[in-house]
Each structure stands twice: as structure tokens, then as C-alpha cells.
Amino acid sequence: MFKGSFVALITPFRDGKVDEAAFEKLVEWHIAEGTHGLVPCGTTGESPTLSHDEHRRVIELCVKVAAGRVPVMAGAGSNNTAEAVSLARFAMDVGADAVLVVTPYYNKPGQEGLYRHFKAVNDAIDIPIFIYNIPGRSVIDMSVETMARLFELKNIYGVKDATANLARVSLQRQAMGEGFCQLSGEDATALGFNAHGGVGCISVTANVAPKLCAEFQEATLNGQYAKALEIQDRLMPLHTALFVEPNPAPSKFALSELGLCSDELRLPLIEVSDATKEQVREAMRHAGLLN
């Protein structure tokens, strides 16, 4: 169930509110384009600026529109363990297939604190949990040893690895075996990630190029790395352009160019500069997404 191209969904806004119609349209578009799974309310979904009610509504809406056609892995992370537990329980109750729980940011727990945080979520629900390890944003890095301890628990299923350290994939595979589901959290290195034993990517670029990202993942999973490399060459400028300014601002601009939603964000994020707009357009042309 948890293989291939999972999109780290943006949350569309209009006039300061969640644009539910645009969100439903995006979910349908992703399914039609071949996206293998949906991840609402992650960082790309601007979860830090969603109210709790909005967060829950977006997850509920995603599950409802997907209607079992593709798996939904709901963002349920927080640096407050009780809040993470509450969001994870809600996601399970409304029918999400899994939850994505980020390592607690800002308060910087040690490895034992990380273990207990994830164990608390594990003990509260009965659906798979993916650890989101992203030192660049959370400041802390979950060790392979801590991950191996957590994998002994009933619901810890895998990792979204955004360390960009490809050696970690092999080290985690060595420590936990093939049964530990490893998904990349970094588009630009997803090719190497899968070569090391990964089975997919929770992708930002898939917001803009879902069909190409799905075809890329299918090629790697089928061992067709020459084909995957061709697609990587088409997508690499887009992987770069979508992070020239803080994510998801460039992705929202790209989607506005495709007529799928507005480029509205919530402060402290702001719309991209004219120079970035042109870089994103050029990358979309290179990928064959714009004329």
C-alpha cells in the first residue's frame, strides 16, 4: 500500500480560508494522474498555520474524496505529544490509512524523549505510523538505533527520510530489514534513495507533476533505472525551482499557472518573487508541463 509517489499535498486558500472546492479538485486530479498516495497536513500543507479545526477538516475531506481509491497518510505531528496523539486518533477515526508524525521540533528532545513521544502515539492508535525524520527543519535527528527500537512496536511501519543522506537508507535497511518501509522526503535524491532500498517518495514536486513523479517511481520499483534517469533529467530543474523560496510558495505559484488553485499563502510565508516565478515557469516548460 505504501509504495510509489505520495504527494505532500498543499492546502489551497482563498480569501484567508481553506478552499475546500479547490482541495477536492486537487485530490481528484492526483488520482486521475496516477499518484499512488495522498499526504494532507504536512509541512507542505502549511500545517503550522492551520487551526486544529482546519487541520482535522482537511484530513477528513481528503479521506472522503479519496474514498479508498488511494491510501491517505495524514499529517499528525506536533512538538506537543498530547496534540500529536489527538491528531493521530482523529485521523484513524475518520478513516486515514496511516499517519505521518514528525520528530518534535524546537523543544529538541533527546533520543529517549523521541522514543517515548512516538511510543505514546503508537499506543493510542491502530494504524501504521511513519516517522518523519527531517533534521533540517526539526533540528534533531533520530538515530538508526532509536528507529530500530521503535520498529519493535506494533504500529511503527516506516520512515519518511528527509536527511538527504543516502547512506542512511542502507544503514536503516541493515538495522531493520526489508520490512521497514522507507520513503524519501527529498525529491532530488529520490532516484538514489530507491536504489539503496527505498520504495517511494513523499514528494513536493508531485504537487505540480503528479504523472511524471508516478511514472518515475514506477520505473524505479520495476528496476528500470535508465527510464527513471530520463524522467529525473526532466524533473530536476523543477525539483530545484520549487525550493528556491520557502516551500510551498513556489508549488502554489506553479499550481496557479496550471489553473488548479490560487497562489495564496498564510503569513509568515509570502508569494514568490518575479525572478522565482520565471524560474518555476522555465522548469515547468523543461518538464513539458507548460508551453
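Refer to the preceding data block for the structure.
Since the structure is predicted, the reported quantities are computational estimates derived from the model, not experimental observations.

So, how was this worked out
Residues numbered from 1 in each chain as written. Predicted model: local features only at pLDDT ≥ 70, side-chain atom pairs only at ≥ 80, totals over all residues. Heavy atoms only, no water. Helix = DSSP H or I, 4+ residues; strand = E, 2+ residues; numbered from the N terminus. Buried < 20%, exposed > 50% of the residue type's maximum accessible area, 1.4 Å probe, protein only. Disulfide = S-S within 2.5 Å.

### A closer look at unusual backbone geometry
- The omega angle of the peptide bond from N247 to P248 is 10 degrees, so this bond is cis rather than trans.
- Secondary-structure assignment places P248 in the loop between α10 (225-241) and α11 (249-257).
- For the peptide bond that leads from L267 to P268, omega is 20 degrees, which places it in the cis range.
- The topology assignment puts P268 in the loop between α11 and α12 (274-286).
- Positive phi, close to 55 degrees, is recorded for E46, a residue that is not glycine.
- For E46, the location among the structural elements is in the loop between β4 (37-39) and α2 (52-66).
- Accessibility expressed as a relative area gives 3% for E46, which makes it buried.
- Here V139, not a glycine, exhibits a phi torsion of approximately 80 degrees, which is positive.
- Along the chain, the position of V139 falls in the loop between α5 (135-138) and α6 (144-151).
- For V139, a relative accessible area of 53% translates into the label exposed.

### Notes on the state of the cysteines
- Evaluation of the coordinates by the stated rule reveals 0 disulfides.
- Between C181, a cysteine without a disulfide, and C201, which holds the nearest cysteine sulfur, the sulfur-to-sulfur distance is 12 Å.

Keep in mind that these numbers describe shape and distance, not what the molecule does.
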